[in-house]
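Residue-level structure breakdown
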Amino acid sequence: MATFLYKLGRLAFRRRHFVALIWVALLTLAGVGAASAPAAGSTSFSIPGTEAQKAFDLLEQRFPGMSADGATARVVFKAPAGQKMTDAANKATVNKTVKELRTGSEVTSVVNPYKANAVSKNGSVAYASVKYEVSGMELKDSSKNALEAAAQSARDAGLTVEIGGDALQAAPETGATEVIGIAMAAVVLIITFGSLIAAGLPLLTAIIGVGIGVSTIAALANALDLGTTTSTLASMIGLAVGIDYALFIVSRYRGELAEGREREDAAGRAVGTAGSAVVFAGLTVVIALVGLSVVNIPMLTKMGVAAAGTVVIAVLIALTMIPALLGYAGKRVQPAGKKSRLLGGGRAAKKPGKPNMGTRWASFVVRRPVAVLLLGVVGLGAAAIPATSLELGLPDDGSQPTSTTQRRAYDTLSEGFGPGFNGPLMVVVDAKSSADPKAAATKVSDEIKDLKGVVTVTPAKFNKAGDTATITVVPDSKPSSVKTEDLVHSIRDAGGEIKADTDAKVLVTGTTAMNIDFSQKLNDALIPYLALVVGLAFLLLIVIFRSILVPLKAALGFLLSVLAALGAVVAVFQWGWLGGLLGVEETGPIMSMMPIFMVGVVFGLAMDYEVFLVTRMREAYVHGERPSEAVVTGFKHGARVVTAAAVIMMAVFSGFIGSSESMIKMIGFGLAIAVFFDAFIVRMAIVPAVLALLGKKAWWLPKWLDRALPNVDVEGEGLRALDERHKDDDEDRELARV
């Protein structure tokens, strides 16, 4: 592989105009496709195989005009102090508002609170339910404006009015912190390279790669049902790995220049050596992201595949566009150790032979491996302790900032009707096979009323055919609580007995039940997913390092870092530690997809640093150094660049903490802290300590397996043979002249 990539790097360097033209054409094509594509609608959320999804699908069939996936709004009215919503003046205001709400072009129904018994017992709160024919993301601005205008009219009349539901749903905003993250990455690159030109190359190529990836996602969003979160995730990961992959190749190029090689040859060797590591590092990320498909949740599968596509683009750009741009830059990219004049070039060089920070640190670890290993493991173990209190759930209006009308509506409804009112359960009675559907529905209602934790059970509502009924159940606990989850399971357990007696199926659905089933499905898929991703990556690392213990150590180190990162996420977003500093206004359960998502993404990124750092050690060991010397050599050449790469990735991920979307905020923080733990504690401390303790055993591989494995030549041994051939050719030509 090294020889092939060497030739590819030289070709891209020589044919830089052609390479640049191809990538600019691809960026233009993707941009035009994104601009001309129809706007994406709301992403359909489905959880195949779950009871909540089966009930949802049944409602679509038996209640065809119901628009089960249409947007909803709850216009919540609160009377001034000392008044009630049943007072004549307040009642007139609400009735007027209901009339205004019915005028919307996309409104299918509006329920008057006085006709639907939607007034609290103390009379202080009432609400009107509005149903739309399209989803919240597809709702026209005119419909949203009409909804807000109607609410404002009631406010002007003296009532407190808030709007809950998803009708006012807006696309998430990342805020200025994303730009700050990129700016921090630029600063790190400038410090690392000592050159504005060299620092600009990784940023430029990463932005082009993300531009192509995100524009392609936007172009296909409507056709493939991709949501806004998909493109945000793709840009987050694509930007981080794009900068890092380019950073490693540019750094290796400068190192080759420092050894006196010609620029074209240096570009080829940079792609042949560092590029090999980029290919395999990218493969581990792709495996981890595409592996999300085993969860069998379409939304998660699409997010993973889209992000994986952006990573593939980042790898291809690093292998082709970086050497092409190095050709354009020419002498403006200095050899390693030299700075541009603008950044201090021309000053007295450091004393020759003085070891750099990476060398000094590695030498210390090699001398004290047990102490470093214990300190690292104990530290990560302590950080992981909060993960034992992990509670999973999905965000609802109760997790929104208190400044939003959705959150204020949520709180007002909880105050007037109880905490469970914001998470009603919809029980679907499929009585098609029952001899007496109405008796079956009555029995279901009676059974549910006797269950613990139930506040209200509404009368059954049948469809036109009279074979299917819906019953709304209001719990006495909030939607994300364990008590509500227990109630869902209790209703389903009771449904089994009811079916035996009446031949009617009882299914529980609704947003709350969907969230519970979603969390359960993710929990059930975590172990198989972990086994698949870690297993495939383990095999890939065996091929790369030609060792059993090195990949095993890499996988165990990853588990430490991801558990510690989950512990940090729980401490901040569930316990509230440093929540104010990070803009976390409301603590609560951790998003259900967070553990499995972090396992996938963090594993891919962790293997990046493993591959980049340990391949230099493997390269030194293969070329004759002792194991302890190889560890120091690997840090001498790789520690500075890996450190810069980790800081850049942390900066990019941290930029997404400013998002208005709680999921994006949590993912940004989780990935940033995971990179910190993995890069600086696992890869920089635990890995060299373990390798120092193992010695030659670290690189042991059974002979039969060594013969069976393909030789991918990540260390660039083929390039050394190429050097020997060139040397022999030069000697032959010299003899011929004599």
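Remember, it's a predicted structure, so these values are computed and weren't measured experimentally.

Observations regarding the overall build of the protein chain
Check the secondary structure of the protein chain and you find 22 helices and 11 strands. Within the protein chain, the fraction of its 738 residues that count as buried is 53%. Taking contacts inside the protein chain between residues at least 6 apart in sequence as the whole, the part at least 24 apart equals 80%. Treating the 71 positive side-chain charges of the protein chain as one cloud and the 64 negative ones as another, the clouds have centres 8 Å apart.

Examining the sheet that holds strand β2 (residues 107-111)
The antiparallel open sheet is built from four strands, whose spatial order is β2-β3-β1-β4. The sheet is open, and its two edges are formed by β2 and β4 (160-165), each paired on a single side. Neighbour to neighbour, the strand axes of the sheet diverge by 20° on average, direction disregarded. In this structure, strand β1 (residues 72-78) lies alongside strand β3 (residues 125-132), joined through seven bridges in antiparallel fashion. By the bridge assignment for β3, Phe77 is matched with Ala126. Here helix α4 (residues 88-102) sits on the sheet and contacts β1, β2 and β3; the angle it forms with β2, its principal contact strand, is near 170°. Packing of helix α5 (residues 141-156) onto the sheet brings it into contact with β1, β3 and β4, and relative to β4 it is tilted by some 150°.

Quick look at helix α10 (residues 298-329)
Here α10 spans 44 Å end to end across 32 residues, near enough to the 46 Å set by a 1.5 Å rise per residue. Largest kink in α10: about 40°, centred on Ala318. In terms of burial, α10 is a largely internal element, 23 of the 32 residues being buried. Taken from the residues just after α10, Gly330 is the one with a positive phi, measuring 60°.

A word on the pairing of strand β9 (residues 468-475)
With seven of eight residues buried, β9 is to be regarded as a mostly interior element. Judged from the six bridges that link them, strand β6 (residues 425-430) and β9 form a sheet pairing that is antiparallel. Paired with Val428 across the strands is Thr470, a residue of β9. Here strand β8 (residues 461-462) runs beside β9; their pairing, made up of two bridges, is antiparallel. Residue pairing across strands places Phe462 opposite Ala469, the latter belonging to β9.

Notes on a nonpolar patch on the surface
Nonpolar side chains collect at one region of the surface, where Phe18, Ile22, Leu26 and Leu29 lie side by side and expose about 400 Å² of accessible area between them. Tracing the sequence through the fold places Ile22 in helix α2 (residues 16-36). For Ile22, a relative accessible area of 37% puts it in the partly exposed group.

Regarding the packing of aromatic side chains
Taken as a whole and assessed by the stated rule, the structure comprises nine aromatic pairs. On the basis of an interplanar angle of 55° and a centroid distance of 5.8 Å, the ring pair of Phe676 and Phe677 is categorised as tilted. The partly exposed category is assigned to Phe676, whose relative accessible area is 33%. Owing to a relative accessible area of 10%, Phe677 belongs among the buried residues under this scheme. Here the aromatic residues Tyr127, Phe417 and Phe421 are joined through ring pairs into a cluster of three or more. Above the plane of the ring of Phe13 lies Arg16, whose end atom (NZ or CZ) is 5.4 Å from the centre. Taking the ring centre of Tyr127 as reference, the NZ or CZ of Arg74 above it sits at 5.2 Å.

Regarding the packing of helix α1 (residues 2-14) against helix α9 (residues 263-290)
With their axes 7 Å apart at the nearest point, α1 and α9 run at an angle of 130° to one another. By the criterion of interaxial angle, the relationship of α1 to α9 is oblique. By crossing handedness, the relation of α1 to α9 is classed as right-handed. Here Ala2, Leu5, Tyr6, Gly9, Arg10, Phe13 and Arg14 of α1 come into contact with α9, specifically with Arg263, Glu264, Asp265, Ala267, Gly268, Arg269, Val271, Gly272, Gly275, Ser276 and Val279. Taken together, the residues that form the contact of α1 with α9 break down as seven nonpolar, five polar and six charged.

Some thoughts on the packing of helix α11 (residues 357-367) against helix α19 (residues 627-654)
With their axes 8 Å apart at the nearest point, α11 and α19 run at an angle of 150° to one another. When the interaxial angle is binned, α11 and α19 end up roughly antiparallel. Remark: the crossing between α11 and α19 carries right-handed chirality. Taking contact as the criterion, the partners of Gly358, Thr359, Trp361, Ala362, Ser363 and Val366 in α11 are, on α19, Ser628, Val631, Val632, Phe635, Lys636 and Ala639.

Quick word on the confidence of the model for the protein chain
As a note on interpretation, predicted positions should not be read in detail where pLDDT is low. Looking at the protein chain, the pLDDT average stands at 84 and 91% of residues meet or exceed 70. Here helix α22 (residues 717-737) stands out as the least confident element of the protein chain, with mean pLDDT 55; helix α12 (residues 369-384) is the most confident, with 95. Scored below 50 in pLDDT, residues 728-732 shows zero contacts in the model against residues more than four places distant or in partner chains.

Thoughts on unusual backbone geometry
Working note: non-glycine residues mostly have negative phi, and peptide bonds are mostly trans. Even without glycine at this site, Asn296 takes up a positive phi of about 65°. Within the fold, Asn296 resides in the loop between α9 and α10. Phi at Asp503 is positive, roughly 65°, even though this residue is not glycine. The residue Asp503 is located in the loop between α15 (482-502) and β10 (505-509) in this model. For Asp503, a relative accessible area of 46% translates into the label partly exposed.

Observations concerning the side chain of Ser235
Looking at the element boundaries, Ser235 is found in helix α8 (residues 228-258). Residues within four places of Ser235 in sequence aside, it is in contact with Val210, Val214 and Phe656.

Here we look at the pairing of β6
Within β6, five of the six residues are buried, which leaves it mostly tucked inside the rest of the structure. In the sheet, β6 pairs with β10 via five bridges, with the strands oriented antiparallel. What sits directly across from Val429, in β10, is Val506.

Examining the environment of Glu148
In this fold, Glu148 is placed in helix α5. Considered as a pair, Glu148 and Glu162 are 14 residues apart in the sequence and their alpha carbons are 9.2 Å apart. Leaving out residues up to four positions away in the same chain, Glu148 has contacts with Arg155, Ile163 and Leu168.

Cut-off values and rules
- Note on numbering: residues in each chain are counted from 1, in written sequence order.
- In keeping with the model being predicted, local features are shown solely for residues with a pLDDT of at least 70 and side-chain atom pairs are shown and tallied solely at 80 or more, while totals for entire chains, interfaces and linings include all residues.
- In computing side-chain values, all of the structure's heavy atoms are included and hydrogens and water are not.
- Runs of H or I in DSSP of at least four residues are treated as helices and runs of E of at least two as strands, each being numbered from the N terminus.
- For every residue, the accessible area (1.4 Å probe, protein chains only) is compared with the maximum for its type, and the residue is labelled buried under 20%, exposed over 50%, or partly exposed between those bounds.
- Contacts between residues were defined by any pair of non-hydrogen atoms, one from each residue, lying within 4.5 Å.
- Think of it this way: Lys and Arg go in the positive column, Asp and Glu in the negative one, and His and the chain ends go nowhere.
- In plain terms, the charge of a residue is placed at NZ if it is Lys, CZ if Arg, CG if Asp and CD if Glu.
- Two strands are counted as paired when DSSP detects at least two bridges linking them.
- In this description, a line fitted to the C-alpha atoms serves as the axis of each element, helices being fitted only across the stretch in contact, and the angle between N-to-C directions of two axes falls anywhere from 0 to 180 degrees.
- The span expected for a helix works out to 1.5 Å for each residue beyond the first.
- To get the bend at a given residue, fit one axis to the seven residues ending there, fit another to the seven starting there, and take the angle between those axes.
- The patches described consist of residues with a relative accessible area above 30% and no salt bridge, like charges being joined within 9 Å and nonpolar side chains (Val, Leu, Ile, Met, Phe, Trp, Tyr) within 5 Å.
- To measure how exposed things are, a 1.4 Å probe is used in the Shrake-Rupley method; for residues, cover is taken only from the protein chains shown.
- The term salt bridge refers to a pairing of a side-chain nitrogen on Lys or Arg with a carboxyl oxygen on Asp or Glu at a separation within 4 Å.
- For Phe, Tyr and Trp, rings pair up if their centres lie within 6.5 Å, where Trp contributes its six-membered ring, and each pair is then called stacked (planes under 30 degrees apart), edge-to-face (over 60) or tilted (otherwise).
- Cation placement over rings: the criterion is NZ of Lys or CZ of Arg within 6 Å of the ring centroid and within 35° of the ring normal.
- Oblique is the label for any angle not covered by the other classes, which are roughly parallel (under 35 degrees), roughly antiparallel (over 145) and roughly perpendicular (65 to 115).
- By convention, the crossing between two helices is left-handed when the near helix turns anticlockwise from the far helix through less than a right angle, and right-handed when the turn is clockwise.
- Think of it as three bins: nonpolar holds Ala, Val, Leu, Ile, Met, Phe, Trp, Tyr, Cys and Pro, charged holds Asp, Glu, Lys and Arg, and polar takes everything else, Gly as well.
- Per-residue confidence from the prediction method is given by pLDDT, with values spanning 0 to 100.

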